[in-house]
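The primary structure of each chain is shown beneath.
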Amino acid sequence: MAQGSDICFEHVTFTYPTGEQPAVSDVSFTAKAGTVTALVGPSGSGKTTIGTLVPRFYDVQEGHITLGGVELSEIAFVFQNPKLLKTTLEENIRGGCKNASREDILRAARLAQCDDILAKLPEGIDSIVGGKGVYLSGGEVQRVAIARAILKDAPVIILDEVTAFADPENEVQIQAALKELTKGKTV
Ligand code: ADP
Ligand code: MG
């Protein structure tokens, strides 16, 4: 696996604009390309903050974060509370992939275990979701978000508590979807 997508934190310290204490203090680690790196710690210890620093939602005050040769725009995220846009399921999965064909989108949906969602909606992948559209459960929305990430096919994937809102049945499907999403990726 290309060393080009190692993520490396070196002595990173970050304080939120509204924060008094650093949320992350002197953190160093390498997330090796093509492997899974898990951050484990109590609530409030800074796991989510570390995840959001990689896509530069915020810039750090001290230290460095490097991503080998990978452009920051090439990272896919699946966070614990994804939102759908008020449009068709197809467009929600398409996300930023303007040139994806309908077949590409259906394939991503299948790999993300969304076939049962498509089957139960009267208009399948053309159904309007989000806002006042058809209701999807937290676990179903999560699978749609994973389909979007599979379609994006980014070399680097950041996951944050992705099964937090899933019931046990959805959790099994989400695990299967994540297995497809993360094959050969830096996670
Ligand atoms: P974890 O994901 O490990 O539970 P977080 O990264 O959410 O931890 O939080 C780390 C610290 O940063 C906590 O002290 C939290 O209160 C603070 N924090 C998190 N988000 C914000 C924010 N948007 N603004 C200010 N402080 C924040
Ligand atoms: Mg968190």
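Check the entry above for the structure.
Parameters at a glance
Residues numbered from 1 in each chain as written. Chains lettered and ligands numbered in written order. Predicted model: local features only at pLDDT ≥ 70, side-chain atom pairs only at ≥ 80, totals over all residues. Heavy atoms only, no water. Buried < 20%, exposed > 50% of the residue type's maximum accessible area, 1.4 Å probe, protein only. Helix = DSSP H or I, 4+ residues; strand = E, 2+ residues; numbered from the N terminus. Core = buried A, V, L, I, M, F, W, Y, C linked by side-chain atoms within 4.5 Å. Contact = heavy atoms within 4.5 Å. Polar contact = N/O pair within 3.5 Å; in protein donor to acceptor, adjacent residues only side chain to side chain. Pairing = 2+ DSSP bridges. Axes fitted to C-alpha atoms, helices over the stretch in contact; angles between N-to-C directions. Phe/Tyr/Trp six-rings, centres within 6.5 Å; stacked < 30°, edge-to-face > 60°.

**Some details on unusual backbone geometry**
Turning to step 1, where the next piece is worked out: Positive phi is not limited to glycine here, since Asp 26 has a value of about 50 degrees.
Turning to step 2, where the next piece is worked out: Accessibility expressed as a relative area gives 47% for Asp 26, which makes it partly exposed.
Turning to step 3, where the next piece is worked out: We note that Gln 113 has phi near 65 degrees; this positive angle belongs to a residue other than glycine.
Turning to step 4, where the next piece is worked out: Of note, Gln 113 is situated in the loop between helix 3 (102-111) and helix 4 (115-120).

**Notes on the nonpolar core**
Turning to step 1, where the next piece is worked out: By size, the foremost hydrophobic cluster in this structure holds 32 residues, and its most contacted members are Leu 89, Ile 93, Leu 136, Val 144, Ile 146 and Leu 181.
Turning to step 2, where the next piece is worked out: When residues of this core are traced back to their parent elements, those giving at least two are strand 4 (75-78), helix 2 (89-94), helix 3, helix 4, helix 5 (138-152) and helix 6 (168-182).
Turning to step 3, where the next piece is worked out: With seven residues, helix 5 is the single largest residue contributor to this core.
Turning to step 4, where the next piece is worked out: Leaving out residues up to four positions away in the same chain, Ile 146 has contacts with Val 78, Ala 112, Ile 174, Ala 177, Leu 178 and Leu 181.
Turning to step 5, where the next piece is worked out: Of all hydrophobic cores here, the second largest spans 15 residues; its members include Ile 7, Val 12, Phe 29 and Val 156.

**A short note on the side chain of Thr 186**
Turning to step 1, where the next piece is worked out: Looking at the element boundaries, Thr 186 is found in the segment after helix 6.
Turning to step 2, where the next piece is worked out: The exposure class assigned to Thr 186 is buried, which follows from its relative accessible area of 1%.
Turning to step 3, where the next piece is worked out: Sequence-distant contacts of Thr 186, defined by excluding residues within four places in its chain, comprise Ser 5, Ala 31, Lys 32, Ala 33, Gly 34, Thr 35, Pro 155, Val 156 and Ile 157.

**Topic: the side chain of Glu 140**
Turning to step 1, where the next piece is worked out: By the element assignment, Glu 140 lies in helix 5.
Turning to step 2, where the next piece is worked out: For Glu 140, a relative accessible area of 11% gives the class buried.
Turning to step 3, where the next piece is worked out: Within polar-contact distance, the side chain of Glu 140 engages the side chain of Lys 120 at 2.7 Å.
Turning to step 4, where the next piece is worked out: Leave out the neighbours within four places in its chain, and Glu 140 touches Ile 117, Lys 120, Tyr 135 and Asn 170.

**Comments concerning the sheet that holds strand 1 (residues 7-14)**
Turning to step 1, where the next piece is worked out: Strand order in this open sheet of three strands is 2-1-3, and the pairing throughout is antiparallel. Looking at which strands have only one partner, the edges of the open sheet turn out to be strand 2 (24-31) and strand 3 (62-66). Adjacent strand axes in the sheet meet at a mean angle of 10 degrees, parallel and antiparallel pairs treated alike.
Turning to step 2, where the next piece is worked out: Sheet analysis places strand 1 next to strand 2, joined by five bridges and oriented antiparallel. For Val 12, the partnering residue across the bridge sits in strand 2 and is Val 27.

**So, the packing of aromatic side chains**
Turning to step 1, where the next piece is worked out: Scanning the entire structure with this criterion turns up four aromatic pairs.
Turning to step 2, where the next piece is worked out: On the basis of an interplanar angle of 70 degrees and a centroid distance of 4.9 Å, the ring pair of Phe 14 and Tyr 16 is categorised as edge-to-face.
Turning to step 3, where the next piece is worked out: For Phe 14, a relative accessible area of 1% corresponds to the buried category.
Turning to step 4, where the next piece is worked out: Their ring planes at 40 degrees and their centres at 5.2 Å tell us that Phe 14 and Tyr 58 sit as a pair that is tilted. Linking Phe 14 in strand 1 with Tyr 58 in the loop between helix 1 (47-53) and strand 3, this pair joins segments that are 44 residues apart in sequence.
Turning to step 5, where the next piece is worked out: You can call Tyr 58 partly exposed: its relative accessible area is 32%.
Turning to step 6, where the next piece is worked out: Ring-pair connections join several aromatic residues into one group, and the members of that group are Phe 14, Tyr 16 and Tyr 58.

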